[in-house]
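The chain contents come next:
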Amino acid sequence: MEFLETDTLEKIHNRNLDISSYIIDDDHVLIAGELKEHNLIKVHRRSGKVFEPTIFHHMQIQMIIKTVELKIVDIHVKIPGAPHDELCREMEGSLEDIKGLVIAPGFTSKVKKIAGGVKGCAHLTTLLLSMAPAALQGYWVFEGRNEQESDNDYSDEIEKYLIDTCWAWRKDGPLFENLKNERSEK
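Residues numbered from 1 in each chain as written. Predicted model: local features only at pLDDT ≥ 70, side-chain atom pairs only at ≥ 80, totals over all residues. Heavy atoms only, no water.

## As for the pattern of salt bridges
Our working definition: One speaks of a salt bridge when a side-chain nitrogen belonging to Lys or Arg is within 4 Å of a carboxyl oxygen belonging to Asp or Glu. The helix and strand labels rest on DSSP assignments: H or I over at least four residues marks a helix, E over at least two residues marks a strand, and numbering proceeds from the N terminus. With a 1.4 Å probe rolled over the protein chains alone, any residue whose accessible area is under 20% of its type maximum counts as buried; one over 50% counts as exposed, and the rest are partly exposed.
Across all of its chains, the model carries eight salt bridges by this definition. One salt bridge connects Arg145 with Asp26, and the closest N-O pair in it is separated by 3.8 Å. Taken together, the positions of Arg145 in the loop between α3 (122-143) and α4 (155-162) and Asp26 in the loop between β1 (13-25) and β2 (28-39) put the pair 119 residues apart, joining distant regions of the chain. You can call Arg145 partly exposed: its relative accessible area is 34%. Relative accessible area serves as the criterion here: at 61%, Asp26 is assigned to the exposed category. Note that Lys42 and Glu52 form a salt bridge whose closest N and O atoms lie 3.8 Å from each other. With Lys42 in the loop between β2 and β3 (43-44) and Glu52 in the loop between β4 (50-51) and β5 (54-66), this pair connects stretches of sequence that are 10 residues apart. In this structure Glu52 comes out as partly exposed when scored by relative accessible area, which is 47%.

Here's what the structure looks like:
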């Protein structure tokens, strides 16, 4: 398939994820995530109900991460808007058992076990699982914000969090080979 230009197509739906990292103190960062889903055209349901264009889902998650171990020490969920407001807002406490988890390999399966299916909300789970790699990026920026931090050797962390997570960081690729060479030079 060719990449299609969308300028002339009618856009009917949009999902935005916005995830930002903030410094709280020398040991903690706040990861704030927001999911907004817009229906951009009038929608007719089988029930006969008509929905005008609107923000259909609006979910927010804030996590406090202890940077040394990438551990979630606190989490807060807010649902400003959802199609079934009252029922959906019951899910604001559904991620409490995420507290204490470390963002590391296996995190996704643990989250799905805790908050997947009928135990949680698909939209909150989607947002949370998108926040985990963003938290890792925020951690790297947090750790590299000071000049003295740039002298630290993060090769063990790189291997733990990045190796075999994508094509560029595959174990038999050039980035991993460079990492091994840098380690052997030290």
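## So, the sheet that holds β2
Counted only if it meets this: Strands are labelled as partners when DSSP assigns at least two bridges between them. In this analysis, axes come from line fits to C-alpha atoms, helices being fitted only over the stretch in contact, and the angle between any two N-to-C directions falls in the range 0 to 180 degrees.
Pairing is antiparallel in the open sheet, where four strands are placed in the order β1-β2-β5-β6. Each having just a single partner strand, β1 and β6 (71-81) make up the two edges of the open sheet. Neighbour to neighbour, the strand axes of the sheet diverge by 15 degrees on average, direction disregarded. Pairing of β1 with β2, which is carried by 12 bridges, proceeds in the antiparallel orientation. Note on β2: the bridge partner recorded for Ile23 is Val29.

## Side note on the pairing of β2
For β2, the tally of buried residues reaches 10 of 12 residues, placing the bulk of the element in the interior. Counting the residues that bridge the hairpin from β1 to β2 gives two residues.

## Quick word on the environment of Lys49
We count it as follows: By definition in these notes, contact holds between two residues if any of their heavy atoms fall within 4.5 Å.
As for its placement among the helices and strands, Lys49 is situated in the loop between β3 and β4. Separated by 38 residues in the primary sequence, Lys49 and Leu87 have C-alpha atoms spaced 19 Å apart. When sequence neighbours within four positions are dropped, the list of residues in contact with Lys49 reads Val43 and His44.

## Some points on the nonpolar core
Here is the rule we go by: Buried Ala, Val, Leu, Ile, Met, Phe, Trp, Tyr and Cys residues that are joined via side-chain atoms within 4.5 Å together make up what is termed a nonpolar core.
In terms of nonpolar packing, the biggest core is built from 40 residues, with Ile61, Met63, Leu95, Ile103 and Leu124 touching the most fellow members. When contributions to this core are tallied by element, the ones reaching two or more residues are β2, β5, β6, α2 (107-115), α3, α4 and α5 (174-185). Sorting elements by how many residues they give to this core places α3 first, with 10 residues. Excluding residues within four positions of it along the chain, Ile103 makes contact with Met63, Ile65, Leu70, Ile72, Ala132, Ala135 and Tyr161.

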